[in-house]
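# Fold and geometry: a report
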Amino acid sequence: MEARVNATAISLVRGDITLEETDAIVNAANTTLSGGSGVDGAIHSSGGPLISAECRKIGSCPTGHAVITSGGSLKARHVIHTVGPVYKDGEHGEPSMLRSAYLSSLTLALEKNLRSVAFPSISTGAYGYPVEEASKIAVSTVIGFIKQNNGLDLVRFVLFSDRDLEVYSRALKGAL
Ligand code: AR6
């Protein structure tokens with residue numbers, strides 16, 4: 001599914017984010033930036049040791065913030081590492097921390113003059129955020145950002161399952 005908000009395309013695809021050719025891909029990292037499972041593990045293993053070395057130099061990243069490294073041997077030139085919230089019950093600041101993870105990543109992309117960014121579904125794997133709720137936050141945060149900021153040609157969500165793609169498609173239709 002594809003939509004346009006001002007000059008920016010928003011696209012939703014099912015796939016593996018490590019194969020994306022956008023200027024940056026976003027990693028659903030943890031605060032230690034030391035790698036892990038899920039999308040984090042896939043990015044570190046496909047991107048090679050340079051990404052891990054740069055992460056070690058940066059040291060850490062608080063929840064809701066974002067840092068940037070090169071893309072190592074990935075097609076994307078950069079990786080933006082952000083940390084989403086661990087979901088408890090939705091009453092512990094999770095929505096605002098998830099919003100902040102997307103906003104910090106988008107802000108960093110603009111600061112670095114990047115034109116295209118691909119996101120995974122942050123926090124909805126190991127961190128347990130229900131995908132219906134997370135997708136609404138993800139999509140509305142991206143749309144809000146694009147309405148206020150020029151400079152991005154493309155924001156893509158790369159979903160790992162058909163179900164997640166369906167859920168995000170519904171969220172995007174609802175938000176337009
Ligand atoms: N491409 C796109 N999406 C993917 C890929 C991939 N290659 N691999 C997994 N996903 P998760 P989180 C999906 O657990 O919930 C790590 O250990 C996955 O199906 O990767 O933010 C970190 O180090 C799910 O829909 O991230 C942290 O400790 C989504 O990506 C913790 O997990 C996010 O799942 C972060 O947990």
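Above this note sits the structure.
None of the values given here were measured: they were computed from a predicted structure.

Definitions and limits used
Residues numbered from 1 in each chain as written. Predicted model: local features only at pLDDT ≥ 70, side-chain atom pairs only at ≥ 80, totals over all residues. Heavy atoms only, no water. Helix = DSSP H or I, 4+ residues; strand = E, 2+ residues; numbered from the N terminus. Expected span 1.5 Å × (residues − 1). Axes fitted to C-alpha atoms, helices over the stretch in contact; angles between N-to-C directions. Parallel < 35°, antiparallel > 145°, perpendicular 65-115°, else oblique. Left-handed = near helix turned anticlockwise from the far one by under 90°. Contact = heavy atoms within 4.5 Å. Nonpolar A, V, L, I, M, F, W, Y, C, P; charged D, E, K, R; others polar. 1 Å grid on protein atoms, 1.4 Å probe; cavity = no way out; pocket = protein on both sides within 12 Å on 5 of 7 lines; lining within 4 Å. Points joined across faces, edges and corners; volume = space filled by probe spheres on them. Core = buried A, V, L, I, M, F, W, Y, C linked by side-chain atoms within 4.5 Å. Buried < 20%, exposed > 50% of the residue type's maximum accessible area, 1.4 Å probe, protein only. Near = heavy atom within 4 Å. Polar contact = N/O pair within 3.5 Å; in protein donor to acceptor, adjacent residues only side chain to side chain. Sits in = over half its atoms within 2 Å of the grid points.

Here we come to helix 3 (residues 94-111). When the terminal C-alpha atoms of helix 3 are compared, their 26 Å separation across 18 residues agrees well with the 26 Å that a helix rising 1.5 Å per residue should span. Phi for N113, located one or two positions after helix 3, is positive at around 60°.

Before going further, it helps to examine the packing of helix 4 (residues 131-148) against helix 5 (residues 162-175). The geometry of helix 4 relative to helix 5 is characterised by a closest axis approach of 9 Å and an angle of 45° between their N-to-C directions. One finds that helix 4 runs oblique with respect to helix 5. The interaxial crossing formed by helix 4 with helix 5 has right-handed handedness. Seen from helix 4, the contacting residues are V131, E132, A134, S135, K136, A138, V139 and I143; seen from helix 5, they are R163, D164, V167, Y168, A171, L172 and A175. Looking at the contact of helix 4 with helix 5 residue by residue, the class counts come to 10 nonpolar, 1 polar and 4 charged.

Approximately 540 Å³ is the volume found for the largest pocket. Lining the largest pocket are 25 residues, and of these A28, G38, V39, D40 and G125 lie nearest its centre. If one sorts the elements of the lining of the largest pocket by residue count, helix 1 (residues 38-47) sits on top with 4 residues. In the lining of the largest pocket, the residues fall into 12 nonpolar, 10 polar and 3 charged.

We now examine the nonpolar core. Ranked by internal contacts, the top residues of the largest apolar core, which has 37 residues, are I10, I80, Y102, F119, V142, F157 and Y168. Top element by residues in this core is helix 4. It accounts for 9 residues. Excluding residues within four positions of it along the chain, Y168 makes contact with L12, Y102, S121, V131, A134, S135, A138, V139, F157 and L159. With 15 residues, the next largest nonpolar core counts A29, L33, I43 and A118 among its residues.

This paragraph deals with the site of the ligand. Near the ligand, the surroundings consist of 23 residues, among which N30, V39, D40, G125 and A126 are the closest. Contact between the ligand and A126: an oxygen atom at 2.8 Å from a main-chain N or O atom of the residue. Note that an oxygen atom of the ligand is positioned 3.1 Å from one of the backbone N or O atoms of Y127. If you map the ligand onto the pockets, it falls in the largest pocket. The element best represented in the shell around the ligand is helix 1, accounting for 4 residues. Counted by class, the shell around the ligand contains 10 nonpolar, 10 polar and 3 charged residues.

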